[in-house]
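Observations on the model geometry
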Amino acid sequence: MVAVADLTVLLLGGTGEARRLAALLVRDRPRWRVVTSLAGRVADPALPEGEVRIGGFGGPAGLVDWLRRERVDAVLDVTHPFAATMSASAVSACAETGVPLLVVRRPGWTAQPGDAWRRVPSLAAAAETVAGMGERVFLTTGRQSLAAFADLDRHWFLVRSVDHPEPPLPRRLTVVLDRGPFTVDGELALLRRYGIDVLVTKDSGGTMTAAKLDAARRLGLPVVMVDRPSAPPSDQVTRIEDALPWLAAHPSSSI
Ligand code: NAP
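The text that follows walks through the structure, step by step, so that each part is easy to find.

Rules and cut-offs
- Residues numbered from 1 in each chain as written.
- Predicted model: local features only at pLDDT ≥ 70, side-chain atom pairs only at ≥ 80, totals over all residues.
- Heavy atoms only, no water.
- Pairing = 2+ DSSP bridges.
- Helix = DSSP H or I, 4+ residues; strand = E, 2+ residues; numbered from the N terminus.
- Axes fitted to C-alpha atoms, helices over the stretch in contact; angles between N-to-C directions.
- Contact = heavy atoms within 4.5 Å.
- Buried < 20%, exposed > 50% of the residue type's maximum accessible area, 1.4 Å probe, protein only.
- Right-handed = clockwise from strand over helix to strand, strands pointing away.
- Phe/Tyr/Trp six-rings, centres within 6.5 Å; stacked < 30°, edge-to-face > 60°.
- Lys NZ or Arg CZ within 6 Å of the ring centre and 35° of its normal.
- Near = heavy atom within 4 Å.
- Polar contact = N/O pair within 3.5 Å; in protein donor to acceptor, adjacent residues only side chain to side chain.
- Areas by Shrake-Rupley, 256 points an atom, 1.4 Å probe, with all protein chains shown as cover.
- Nonpolar A, V, L, I, M, F, W, Y, C, P; charged D, E, K, R; others polar.

**Thoughts on the sheet that holds strand 11 (residues 222–226)**
Spatially, 6-11-10-7-8-9 is the arrangement adopted by the six strands of the open sheet, whose pairing is parallel. Each of the sheet's edge strands pairs with one partner strand only, and the pair in question is strand 6 (116–120) and strand 9 (173–177). Along the sheet, successive strands turn relative to each other by an average axial angle of 20°, direction set aside. Pairing of strand 6 with strand 11 involves five bridges; the strand directions are parallel. Following the sheet pairing, Arg118 is matched in strand 11 by Val224. Its contacts with the sheet place helix 4 (residues 123–131) against strand 6, strand 7 (136–139), strand 10 (198–202) and strand 11, and it is angled at close to 160° to strand 11. Helix-sheet contacts for helix 6 (residues 211–219) involve strand 6, strand 8 (156–161), strand 10 and strand 11, and the interaxial angle to strand 10 is about 155°.

**Considering the pairing of strand 2 (residues 32–38)**
Counting buried residues along strand 2, six of its seven residues qualify, which places the element largely inside the surrounding structure. Bridge count for strand 1 (residues 7–12) against strand 2 is six bridges, and the pairing is parallel. Residue Leu7 lies in a different strand from strand 2, and its bridge partner there is Trp32. Crossover connection from strand 1 via helix 1 (residues 16–28) to parallel strand 2: handedness right-handed. One ladder, built from four bridges, connects strand 2 with strand 3 (residues 51–54); its direction is parallel. The residue bridging Ser37 from the neighbouring strand is Arg53, located in strand 3.

**Description of helix 4**
The set of residues buried in helix 4 consists of Ala125, Ala126, Ala127, Thr129 and Val130. Taken together, the buried residues of helix 4 touch strand 6, strand 7, strand 10 and strand 11.

**Notes on the packing of aromatic side chains**
Scanning the model with the defined rule gives three aromatic pairs in all. Measuring from ring centre to ring centre gives 5.8 Å for Phe57 and Trp66, while their planes differ by 75°; the resulting arrangement is edge-to-face. The class of Phe57 is buried, set by a relative accessible area of 13%. Look at Phe149 and Phe157: their rings are 6.0 Å apart centre to centre, the planes differ by 65°, and that puts the pair in the edge-to-face class. The cationic tip of Arg136 hangs over the ring face of Trp156; the distance from NZ or CZ to the ring centre is 3.9 Å. In this arrangement the basic side chain of Arg160 is found over the ring face of Phe182, its NZ or CZ atom lying 3.6 Å from the centre.

**A look at the site of the ligand**
The local shell around the ligand holds 21 residues, among which Gly13, Ser37, Phe57, Gly58 and Lys202 are the closest. One nitrogen or oxygen atom from the side chain of Ser37 is found 2.6 Å from a nitrogen atom belonging to the ligand. Considering the ligand on its own, with 800 Å² of exposed area, one finds that the protein chains cover 76% of that surface. Only strand 2 and helix 3 (84–97) provide two or more residues apiece to the shell around the ligand. Grouping the amino acids of the shell around the ligand by side-chain chemistry returns seven nonpolar, 11 polar and three charged.

**Points about the environment of Pro232**
With respect to the helices and strands, Pro232 occurs in the loop between strand 11 and strand 12 (235–237). Sequence-distant contacts of Pro232, that is, excluding residues within four places in its chain, are made with Asp77, Ser87, Val91, Val103 and Arg105.

**Section: the side chain of Thr79**
Here Thr79 lies in the loop between strand 4 (74–77) and helix 3. Judged by relative accessible area, Thr79 falls into the buried class, the value being 7%. A distance of 2.6 Å separates a polar atom in the side chain of Thr79 from a polar atom in the side chain of Asp77. In this structure Thr79 touches Leu12, Gly13, Thr15, Met86, Ser87 and Arg105, once residues within four positions along its chain are discounted.

**Observations regarding the sheet that holds strand 12**
What the six strands build is an open sheet, ordered 3-2-1-4-5-12; its pairing is parallel. Since the sheet does not close on itself, it has two edges, and those belong to strand 3 and strand 12, each with one partner. Taken over all neighbouring pairs, the strand axes of this sheet differ in orientation by 25° on average, direction set aside. Alignment of strand 1 against strand 4, held across four bridges, turns out to be parallel. Among the inter-strand pairings, Leu10 is bridged to a residue of strand 4, identified as Val75. In the packing of helix 1 onto the sheet, contacts are made with strand 1, strand 2, strand 4 and strand 5 (101–104), and the angle to strand 1 comes to roughly 165°. On top of the sheet, helix 2 (residues 59–69) reaches strand 1, strand 2, strand 3 and strand 4; it is set at about 155° to strand 1, its chief contact.

Purely geometric numbers; function is a separate question.
Here's what the structure looks like:
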């Protein structure tokens, strides 16, 4: 006899929080079916507990089909705060199917005394801002954001990413392949070794990659901080633990 899950939950993942939440649900609710979806961008992804599916759904319409076919009871959007297309797709597909949606999103970073941050609304604005700053730039905005900086010939870039970036790329570039979490000592050593003048980052929030901000503050380096896209219009919590009461309160959760 095939066991029937009490509840099928789709986690839109690609973050450390999504992995931790999948583990929490798998351990705490063994009768639930927990499926994490990954975009498939990273060659060797860290896999969560529970079921995993990889690759895009084919836009909101593809996600609608998937939710219906798999009889999904709830969607948890635990994507990165900058994965705005996926989040918008989830809002649209959940509205069409009536499947409840919760966004689990870590808070953004807040400047502390001693920080010299310049907040900008987009990657394009970050590139414009960097054009008027020091020559040696540590770019931690992700390998898919490098095109915005490709025309800055006067600057030299240190890029850190999980996989090797693809063109278009800035002309003067050194790539370091690495993935977090990072330590303040490690970041201080990196900034000093490469003689960095300015750090560029997205406002990802969380602790995994925050050490670079501490290191920049200690060295008195300016930071260009790209603001997040606006949050999707749906229920939202900041801590993964808060997803459990939200799921329990949901009408289709019978346990
Ligand atoms: P995006 O621009 O919002 O999404 C582009 C397309 O990729 C989506 O329309 C969707 O394709 C597919 N996709 C994205 N996330 C998916 C998921 N979890 N499962 C299945 N398909 C997904 O996303 P992105 O910024 O490229 O990020 C891709 C993934 O990397 C996300 O899962 C995100 O959590 C993770 N990530 C992103 C960043 C970042 O800075 N953006 C940083 C760390 C991790 P379809 O339209 O075909 O469904």
